[in-house]
Amino acid sequence: QVQLVESGGGLVQAGGSLRLSCTASGRTINNYAMGWFRQAPGKEREFVASIGWSASYTLYADSVKGRFTVSRDNAKNTVYLQMNSLTPGDTAVYYCAASSRINWPTMTRTSYDYWGQGTQVTVSS
């Protein structure tokens, strides 16, 4: 089993930045694809970004491309999401996810086996 814990969320003004962290325990996630999703009130959970076993392989939703950067530190069993130029539209609960079945980036929610509890990101205008 893999446990995922997100941190780094909070309240930020539009145009600001936040860095989310997702630390895994229970197993090493070096070969796992890792993803970030978000869910705003009244909306479906949507894909944000994903990173493969190699940090060279990443995938982003069009809405965050050029503003968000996903990275990983396998030595720390941690994945990061650097979020810049935030807008109120980015307000959501952000979830980290891990896939033990694939090791390349994917936006498919059902590909992920493990999920964190989420961290709230609120962007004020």
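Up top is the structure these notes are about.
Residues numbered from 1 in each chain as written. Predicted model: local features only at pLDDT ≥ 70, side-chain atom pairs only at ≥ 80, totals over all residues. Heavy atoms only, no water.

*Asks:* Any chance you could break down the state of the cysteines for me, citing the residues and the numbers?
*Replies:* Scanning the model with the defined rule gives one disulfide in all. Between the sulfur atoms of Cys22 and its disulfide mate Cys96 the distance is 2.0 Å. Its S-S torsion of approximately -75° makes the covalent link between Cys22 and Cys96 left-handed. Linking Cys22 in strand S3 (residues 18–25) with Cys96 in strand S9 (residues 92–99), this pair joins segments that are 74 residues apart in sequence. By relative accessible area, Cys22 is classed as buried at 0%. What makes Cys96 buried here is its relative accessible area of 0%. (Disulfide = S-S within 2.5 Å. Helix = DSSP H or I, 4+ residues; strand = E, 2+ residues; numbered from the N terminus. Buried < 20%, exposed > 50% of the residue type's maximum accessible area, 1.4 Å probe, protein only.)

*Asks:* How would you summarise the packing of aromatic side chains if you had to cite specific residues and measurements?
*Replies:* The tally for this structure, following the rule as stated, stands at five aromatic pairs. Site record: aromatic cluster; members linked through ring pairs are Phe37, Phe47, Tyr112 and Trp115. Seen from the ring of Tyr95, Arg45 lies directly overhead, with NZ or CZ sitting 3.7 Å from the centre. (Phe/Tyr/Trp six-rings, centres within 6.5 Å; stacked < 30°, edge-to-face > 60°. Lys NZ or Arg CZ within 6 Å of the ring centre and 35° of its normal.)

*Asks:* Hey, could you go over the environment of Ser17 for me, with residue numbers and the actual values?
*Replies:* With respect to the helices and strands, Ser17 occurs in the loop between strand S2 (10–13) and S3. When the C-alpha atoms of Ser17 and Met83 are compared, they prove to be 5.4 Å apart, with 66 residues separating the residues in sequence. Those residues in contact with Ser17, other than ones at most four positions away along the chain, are Val12, Gln82, Met83, Asn84, Ser85 and Leu86. (Contact = heavy atoms within 4.5 Å.)

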